Amino acid sequence: MLSVPTLWTVFVINFLALGLIWAYVMRSYPSFEAARFWTGSAFVAAAGAAMAMLRVVFPDSLVPLLFAGTALILAICLAAMGIRKFFNQPVSWRDTLLITGLGAAGLCVFTFVHDSVPARMTVFTIAQALPMVRSLKLLLSRHEGRVNPGARLAGIVTIVILGIFAARLFGALTSADGGFSYMHFSPAQSVVILMLVFLSMSLNFGFLLMAMDRLRNEVADLALLDDLTGVGNRRYLLQRLTEECARSERSGQPFALLVIDLDGFKGINDTHGHAAGDACLQHFTLMAQTRLRPGDMLARTGGDEFCIVLPSSTLREGAMIARRVLEVCRADAEQCAGNDIPIAVSIGVAQWAREMGAYPDRLIAAADHALYDAKKAGRNRFATYDPAPPLAAEPETRGLSDIGLRKRA
């Protein structure tokens, strides 16, 4: 059987190693806030195990056990706070301090007022199990339609640890296997300590898998976003258009696409510099987003060109959104003064049709065709693409070539 100092030394080394790993993760990814709580949890647990070792040095004092038990309760509370932070749930220091404080008070009462090992174990077990039970639902529930594999592993390990806590409490209450002692571990207690060491490593491995999954998703999201404006990039646009085309082929429900080009953008760069041009792109992005509906998607496809995907929308609804974007740009241009740079845009609007099938490039070509009409008609306006010839030519479109293919607004 392993000696008491050896087992507690293994416990301390294990949590120090985990603490160093989480400290590295915390330093490498400062925005990953859950790592801060898991780092603190590991180091506090290591400190608690080190305090418990002092019981061997001071066999007549129960103070080391009091501090060790309080530290281990706090460590579990910090781990539970990390789980809540990971799933974007509010964390409460009040709850943590309450559980830790009540646990410490209970240990004090049954150490100095009424010395009772079963009572101490009852308080210790309940204080440790409570934050773990509260976190279990988060670990095993679906989030965004899926269960995080690391969270599932952490949830299973948590259930096993709770089972060990229950068995340990039962042994302390019934004095099974010679009773419970921190001075001379029985074979059963040695097995429990070793299992808890292994399970604590498994639990933190689950946390690491959770972190890897989150960071991988963030990297994937960044690959679909434009660095300058923060909206979707061309890759994201094509992915979204492919999904919308497939959905429309199944349901027959149309959707619309807007292709937008900033008028005279090259002149802005040449006259005012590229920094001013970047500022114009960012400003237009903010203005356009104020005129979109929930579910609409704005993407920058390169240079001064943007696209807006309008799910479940007709050509008429697309024209309405185009008009709203134009109006906000014109209103902003009217308020420009001094060194302010007015922004003007041309917009082409097209609607998915069944003959386009699941080919986004056909819809983009149609919207580009309409954009060319808007540019040709004088810019700072929008045009719609309609392959069906109108019954009668509109007065303002007479004289334009290819009138039967498009209607301009």
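Residues numbered from 1 in each chain as written. Predicted model: local features only at pLDDT ≥ 70, side-chain atom pairs only at ≥ 80, totals over all residues. Heavy atoms only, no water.

**Here we look at the overall build of the protein**
As a reminder, the rule being used: Counting from the N terminus, the helices are the DSSP runs of H or I reaching at least four residues and the strands are the DSSP runs of E reaching at least two. Every radius of gyration here is taken over C-alpha atoms, with the globule rule written as 2.2 Å times N^0.38, N being the number of residues. Exposed residues in this analysis have more than 50% of their type's maximum accessible area, buried residues have under 20%, and partly exposed residues fall in between, with area computed by a 1.4 Å probe over protein chains only. The contact criterion used throughout is that any non-hydrogen atoms of two residues lie within 4.5 Å. What sets the accessible areas is the Shrake-Rupley method with a 1.4 Å probe; for residues, cover comes only from the shown protein chains. Positive charge is attributed to Lys and Arg, negative charge to Asp and Glu, and no charge count is given to His or to the chain ends. To locate a charge, the coordinates of NZ of Lys, CZ of Arg, CG of Asp or CD of Glu are taken.
From N to C terminus, the protein includes 12 helices and 6 strands. Computed over its C-alpha atoms, the radius of gyration of the protein comes to 32 Å, more than 25% above the 22 Å expected for a compact globule of 409 residues. Along the first, second and third principal axes, the C-alpha atoms of the protein reach 105 × 50 × 30 Å. Burial statistics for the protein: of 409 residues in total, 46% are counted as buried. In the protein, the proportion of contacts linking residues at least 24 apart, taken out of those at least 6 apart, comes to 69%. About 20500 Å² of surface is accessible on the protein, with carbon and sulfur atoms providing 62% of the total. Of the charged side chains in the protein, 38 are positive and 34 negative; the average position of the first set lies 5 Å away from that of the second.

**Observations regarding the packing of helix 6 (residues 149-174) against helix 7 (residues 187-222)**
Going by this rule: What counts as an axis is a line fitted to C-alpha atoms, over the stretch in contact for a helix, and the angles between N-to-C directions run from 0 to 180 degrees. Convention used here: angles under 35 degrees read as roughly parallel, angles over 145 as roughly antiparallel, angles from 65 to 115 as roughly perpendicular, and any remaining angle as oblique. Should the near helix be turned anticlockwise from the far one by less than a right angle, the crossing is left-handed, and should it be turned clockwise, the crossing is right-handed. When residues are grouped by polarity, Ala, Val, Leu, Ile, Met, Phe, Trp, Tyr, Cys and Pro land in nonpolar, Asp, Glu, Lys and Arg in charged, and all others, Gly among them, in polar.
Axis separation between helix 6 and helix 7 bottoms out at 8 Å; the angle between their running directions is 160°. With respect to helix 7, the axis of helix 6 lies roughly antiparallel. You can see that helix 6 and helix 7 cross each other, and the crossing is left-handed. Where helix 6 approaches helix 7, its residues Gly-150, Ala-151, Leu-153, Ala-154, Val-157, Thr-158, Val-160, Ile-161, Ile-164, Phe-165 and Arg-168 are matched on the opposing element by Val-192, Met-195, Leu-196, Leu-199, Ser-202, Leu-203, Phe-205, Gly-206, Phe-207, Leu-209 and Met-210. Residue classes in the contact of helix 6 with helix 7 are distributed as 17 nonpolar, 4 polar and 1 charged.

**Quick look at the environment of Arg-354**
Relative to the assigned elements, Arg-354 resides in the loop between strand 4 (345-351) and helix 12 (360-376). Taking relative accessible area as the criterion, Arg-354 reaches 54% and is therefore assigned exposed. It is 8.5 Å that separates the C-alpha atoms of Arg-354 and Pro-254, two residues lying 100 residues apart in sequence. Once you skip the residues sitting within four places of it in the chain, Arg-354 turns out to touch Ser-248, Glu-249 and Gly-252.

**Re the packing of aromatic side chains**
Stated precisely, the cut-off is as follows: Pairing of aromatic side chains requires ring centres within 6.5 Å, counting the rings of Phe and Tyr and the six-membered ring of Trp. Pairs whose planes differ by under 30 degrees are stacked, by over 60 edge-to-face, and all others tilted. Geometrically, a lysine NZ or arginine CZ counts as sitting over a ring once it is within 6 Å of the ring centre and also within 35 degrees of the ring normal.
Evaluation of the coordinates by the stated rule reveals 9 aromatic pairs. Judged by centre distance (6.1 Å) and plane angle (85°), the rings of Phe-32 and Phe-86 are edge-to-face. Of this pair, Phe-32 sits in the loop between helix 1 (4-28) and helix 2 (34-57) while Phe-86 sits in helix 3 (residues 63-86), and the two are 54 residues apart along the sequence. When sorted by exposure, Phe-32 lands in the same class as Phe-86, which is buried. Ring pairing ties together the aromatic residues Trp-22, Phe-32, Trp-38, Phe-86, Phe-87 and Phe-207, which thus form one cluster. Between the NZ or CZ atom of Arg-214 and the centre of the ring of Phe-86, over which it lies, the distance is 4.1 Å.

**Describing the layout of surface pockets**
Using the following cut-off: Method remark: on a 1 Å grid restricted to protein atoms, a set of points is classed as a cavity if a 1.4 Å probe fits but cannot get out and as a pocket if it is open with protein on both sides within 12 Å along at least five of seven lines; lining residues have an atom within 4 Å of a point. Grid points are joined across faces, edges and corners, and a volume is the space filled by probe spheres set on the points.
Roughly 410 Å³ of internal volume is contained in the largest pocket. Forming the walls of the largest pocket are 16 residues, and the residues nearest its centre are Glu-144, Arg-146, Asp-213, Arg-214 and Asn-217. By residue number, the principal contributor to the lining of the largest pocket is helix 7, which donates 7 residues. Looking at side-chain class alone, the lining of the largest pocket contains 5 nonpolar, 5 polar and 6 charged residues.

**Here we look at the pattern of salt bridges**
Here is the rule we go by: Whenever a carboxyl oxygen of Asp or Glu lies within 4 Å of a side-chain nitrogen of Lys or Arg, that contact is scored as a salt bridge.
Counting across every chain of the model gives 11 salt bridges. Two residues, Asp-296 and Arg-293, come together in a salt bridge whose shortest N-O distance is 2.9 Å. Residue classification places Asp-296 among the buried positions, given a relative accessible area of 14%. Taken together, the shared-partner salt bridges in this structure form one network comprising Arg-240, Glu-244 and Arg-247.

**Some points on empty space enclosed by the protein**
Taken as a whole, this structure holds 3 cavities of 30 Å³ or more when the rule is applied. Within this model, the largest cavity holds a volume of roughly 550 Å³. If you list the elements that add at least two residues to the lining of the largest cavity, you get helix 1, helix 2, helix 3, helix 5 (117-140), helix 6 and helix 7. In terms of residues, the lining of the largest cavity owes the most to one element, helix 7, which gives 8 residues.

**A look at the pairing of strand 5 (residues 382-385)**
Condition: Strands are treated as partners if at least two bridges between them are detected by DSSP. When the strands point away from the viewer, a crossover counts as right-handed if the path from the first strand over the helix to the second runs clockwise.
With burial as the criterion, each face of strand 5 is covered, one bearing Phe-382 and Thr-384 and the other bearing Ala-383 and Tyr-385. Where strand 4 meets strand 5, 3 bridges bridge the pair, whose relative direction is parallel. Each bridged residue has a counterpart across the sheet, and for Gly-348 the counterpart in strand 5 is Ala-383. Following the backbone out of strand 4, through helix 12 and into the adjacent parallel strand 5, one traces a crossover that is left-handed.

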